[in-house]
Amino acid sequence: MDTKHLARSHEIGTKISLIHQKRVKTALAQFGQRARAAVEEAAGDKVPDAKVGPAAWMAGLNPWSYQHYAVDAFQRSILFWDTLRQRGDNFLERAAKGSAPVLHFDYETVLDGRGFARPVNYALLRIVPPAGVTLDPAKRPYLIIDPRAGHGPGIGGFKDDSQAGVAMRAGHPVYFVSFFRDPEPGQTMLDVCSAEGQFVKHVRALHPASEKPAIIGNCQGGWAAMMLAASSPDDTGPLLINGAPMSYVSGAWNEGEGDNPMRYAGGMLGGTWLSSFVADLGNGVFDGAHLVQNFENLNPANSLWDKYYKVYQHADTEPARYLDFERWWGTYYLLNREEIEFITRNLFVGNKLWSGDVKGNTGQAFDLRAIEMPIVLFASMGDNITPPEQAFNWVADIYGSTEEIKARGQVIVGLLHQNIGHLGIFVSGKVAKKEYTQLVSVLNEVELLPPGLYGMQITETRDGSLDGKPQYEVTFHERRLEDVSTQFNRFNRVDEQPFEAVAALSDFNQRGYELFVQPLVKAMSNDLSARLLRIFHPLRVQNWALSSRNPWMAWLEPAARAVREQRQALGEGDPWRRLEDAGAELVSASLDLYRAVRDANTEAGFFSIYANMYSLYLADRKPAQAAPETQDARALPYVQEALESIAEGGYAEAFARLASLRAQQGALLPLSRLVKRKELAQAYADYLPDVPLDQWRRLRGEQEIITSYEPEKAIATLPALLSDPGDRERLLSLIDELMADERVQATPPTSAQLAMVERLHALLSGEPGAEPDGQDGQRPAFRPVPDSRTSTRLH
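Each value, and the rule that gives it
Residues numbered from 1 in each chain as written. Predicted model: local features only at pLDDT ≥ 70, side-chain atom pairs only at ≥ 80, totals over all residues. Heavy atoms only, no water. Helix = DSSP H or I, 4+ residues; strand = E, 2+ residues; numbered from the N terminus. Buried < 20%, exposed > 50% of the residue type's maximum accessible area, 1.4 Å probe, protein only. Contact = heavy atoms within 4.5 Å. Areas by Shrake-Rupley, 256 points an atom, 1.4 Å probe, with all protein chains shown as cover. Phe/Tyr/Trp six-rings, centres within 6.5 Å; stacked < 30°, edge-to-face > 60°. Core = buried A, V, L, I, M, F, W, Y, C linked by side-chain atoms within 4.5 Å. Salt bridge = Lys/Arg side-chain N within 4 Å of Asp/Glu carboxyl O. Patch = residues over 30% accessible without salt bridge, like charges linked within 9 Å, V, L, I, M, F, W, Y side chains within 5 Å. Pairing = 2+ DSSP bridges. pLDDT = per-residue confidence, 0-100.

- An unreviewed UniProt entry lists the protein under the name Poly(3-hydroxyalkanoate) synthetase, from Massilia timonae CCUG 45783.

Next comes the structure, spelled out in structure tokens:
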């Protein structure tokens, strides 16, 4: 190791040490704040409606009041343990029935993938609308793809206020991609992608009069939806991708209060070999309970204490909600070894699913740039499983610039929640009522956006609301890819470099495992050993061990029934109850402190190993890159290609060019303006170019580039695009009618827009170079148009 490597290693170690110290210091400070707040709240100092102060609270902690608390606590204990007994019974019942989807709605099986030429354990379900909900078969159908990451299907329709419920209340038919607990022998993720392609084709066939199906992908189902859309771009409609880890190694190594620890798991476990080892122990089947356990380990305070204490704390009301959620959370599904290896090698380690290294069943690599419909990305700042960097960075990875997005006619919309957690993105009723309701309402309008990258904002307003219910206004703000990438990646993604060392070590370990260990493990494994390993997995044990099959639990059900009949509940303001809550908060805060210190140590260990490994073995092997020079965007290939075609095209190109000239760059695009544009498009249908919507977005993107970089030449070459006099007259008539339309004049045109109208008339009214009509170079008032258009074009 030379001096350069030593200096680099010292720099790495110094930064790791400083960040680790800051993380631990922050964790201790947060623990101290929570501890003080818990004591103050118990004493009544921070309880706004507390009727007693600290002195009275202390006086209330006496033996006479304790006996009432003791009765209440004992009764809540019986109800708590009976709730866990019910959880165990529900677990065994669902396991015996094959673990059906946890959908809140009734459903019908439309297609069963187990009968396909390449069988898969997937099925297409049609969600049956609840009473009082009427669906319109002509409306765009929705297809929901749930994650297959250990749990069973149904989270997209888990409750009435869910993705499925919101779409059906808007009148849309809803279909659900479900899956069974046991995978088909030999099925792969590519087989699953092919089956989902057949599902979406079948949905299109069931609704021939509707627009292409909208695809909703949740978490792992998000990148499955992207694979589907990339391989079948002609069949899929707009994509709504929620909390999907598309760029798994992203997640800025910031200096704030914490980082995203899950991305370090692959490196700290030595790569992908461990998932292969576990699958081999399962006789070729990977137990999804391991994935669920990884999720639980992320938040030990909730997994070990908070969720249980909440049941105990509110033993009269919480059990129903808890048991309903555990129907999904406590059901564990299986994956083939080929499936888990595809996920770990191509997504979790290597992050190469979209780089062209992975090919579908047709032999073609997945190319997200082939997707023609708008893509909406929904992420949350409070999500430590799929942080915004992982949800959005793939856009910067596959598109070179904002101009390339526009040139390809793509519309990408980002919606960012401020604090909801990963599960809340899918199961929160508040998110369903707000974000998903607005997303469903504007999805068709998103298709009308000009190509580009947008941020979506949902603003709550109670003005004009009914019954005090909040109303929402949706706005879209155009962004530049370069600015968004900088905002999410304050350190220019240098923290992702050590993951190249992870991938290299993972390949080495995987090969070593396959050569020296795998044959022995396979020889030792069989169906019986695999079944025993699954049965005695800790997550399953905690369910069946506390069920009614345990003879020591036989007394709980009659005891709980007796407690409910003679319940003596205390109010939460009771001094002893408040003391109990303070103790519970201290336990929770302690577990959060443990998590924060553990994650800080994991992060420090990861970068200590892999940042030095990258620096020592990989950094100098990569070709030296000169500092990026400031490049004129017009030199980009897609910009040059668009500018070279400035005089090529016809009426459609001219129409798109004028639409780009009238755009107000950087201004908010409220939903009301989009709806108005849609109404105007219907009213002036005879003037619109007859091109498919996806082709129109591509034309609009190319013309926007032209008008941005060569505005004067863009106008001067309009006559070349409108060589047909009829096309010129058609376009000028449209301009005049729009300028006379009250719906347009509600927003008065600017002087620049009026000048542009004058110039266009001068340019197109006769031969190129003709002067404007009228005296002194001024054109008379807008020409009258025949009234006969109204009866035929307003449809």
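**Brief notes about the overall build of the protein**
Argument step 1. A count of helices and strands for the protein gives 32 helices and 13 strands.
Argument step 2. Taking all 795 residues of the protein together, 49% fall into the buried category.
Argument step 3. Of all intrachain contacts in the protein linking residues separated by at least 6 positions in sequence, the fraction that spans at least 24 positions is 81%.
Argument step 4. Summed over all atoms, the accessible surface of the protein reaches about 36,900 Å², with 56% contributed by carbon and sulfur.

**Comments concerning the packing of aromatic side chains**
Argument step 1. Per the counting criterion, the structure on display carries 33 aromatic pairs.
Argument step 2. Both rings, one in Phe 325 and one in Trp 328, keep their centres 5.9 Å apart while their planes meet at 65°; by these two values the pair is edge-to-face. Residue Phe 325 and its partner Trp 328 are located together in helix 11 (residues 318-329), separated by three residues, close to a single helical turn. Across the pair, Trp 328 and Phe 325 agree in class, each one buried.
Argument step 3. Considering the side-chain rings of Phe 655 and Trp 696, the 5.6 Å spacing of their centres and the 65° angle between planes classify their relative orientation as edge-to-face. Remark: Trp 696 occurs in helix 26 (residues 693-709) and Phe 655 occurs in helix 24 (residues 651-662); sequence separation between them is 41 residues.

**Looking at the nonpolar core**
Argument step 1. One finds Trp 223, Met 226, Met 227, Trp 354, Leu 368 and Trp 394 to be the most contacted residues of the largest nonpolar core, which totals 61 residues.
Argument step 2. The contact partners of Met 227, leaving out residues within four places of it in the chain, are Leu 190, Cys 193, Phe 342, Leu 353, Trp 354 and Phe 366.

**Regarding unusual backbone geometry**
Argument step 1. At Cys 219, a residue that is not glycine, the phi angle is positive and equals roughly 50°.
Argument step 2. Among the secondary structure elements, Cys 219 is positioned in the loop between strand 5 (214-218) and helix 6 (220-231).

**Observations regarding the pattern of salt bridges**
Argument step 1. Here the structure, examined in full by the defined rule, presents 47 salt bridges.
Argument step 2. Salt-bridge contacts for Glu 447 lead to Arg 140; the nearest nitrogen and oxygen are separated by 2.2 Å. On the criterion of sequence distance, the pair formed by Glu 447 in the loop between helix 16 (429-446) and strand 11 (452-461) and Arg 140 in the loop between strand 2 (122-127) and strand 3 (142-145) is long-range, its members being 307 residues apart.
Argument step 3. Since its relative accessible area comes to 2%, Arg 140 is described here as buried.
Argument step 4. Here the salt bridges share partners, and the residues they tie into one network are Asp 72, Arg 76, Asp 316, Arg 567, Arg 577 and Glu 580.

**Details of a nonpolar patch on the surface**
Argument step 1. A contiguous nonpolar patch, built from Leu 528, Leu 532, Ile 535 and Phe 536 and spanning about 390 Å² of accessible area, is present on the exposed surface.
Argument step 2. Take Phe 536: its relative accessible area is 52%, and that puts it in the exposed class.

**As for the pairing of strand 10 (residues 411-417)**
Argument step 1. Strand 10 sits mainly inside the fold: six of its seven residues count as buried.
Argument step 2. In this structure, strand 9 (residues 375-380) lies alongside strand 10, joined through six bridges in parallel fashion. The residue bridging Ile 375 from the neighbouring strand is Ile 412, located in strand 10.
Argument step 3. Pairing geometry for strand 10 and strand 11, over five bridges, is parallel. Each bridged residue has a counterpart across the sheet, and for Val 413 the counterpart in strand 11 is Tyr 454.

**Some remarks on the environment of Ile 735**
Argument step 1. Note that Ile 735 resides in helix 29 (residues 725-740).
Argument step 2. Exposure remark for Ile 735: the relative accessible area of 10% places this residue in the buried category.
Argument step 3. Sequence separation of Ile 735 and Leu 658 is 77 residues, and the distance between their C-alpha atoms is 9.6 Å.
Argument step 4. Apart from residues lying up to four places away in sequence, Ile 735 is in contact with Leu 658, Val 757 and Leu 760.

**Concerning the confidence of the model for the protein**
Detailed reading of predicted coordinates is not advised where the pLDDT is low.
Argument step 1. Summary statistics for the protein give a mean pLDDT of 85 and a share of 88% for residues scoring 70 or more.
Argument step 2. Across residues 47-51 the pLDDT falls below 50, and counting only partners more than four positions away or on other chains, this stretch makes two contacts in the model.
Argument step 3. The model gives residues 767-795 a pLDDT under 50, and that stretch makes 37 contacts with residues more than four places away or in other chains.

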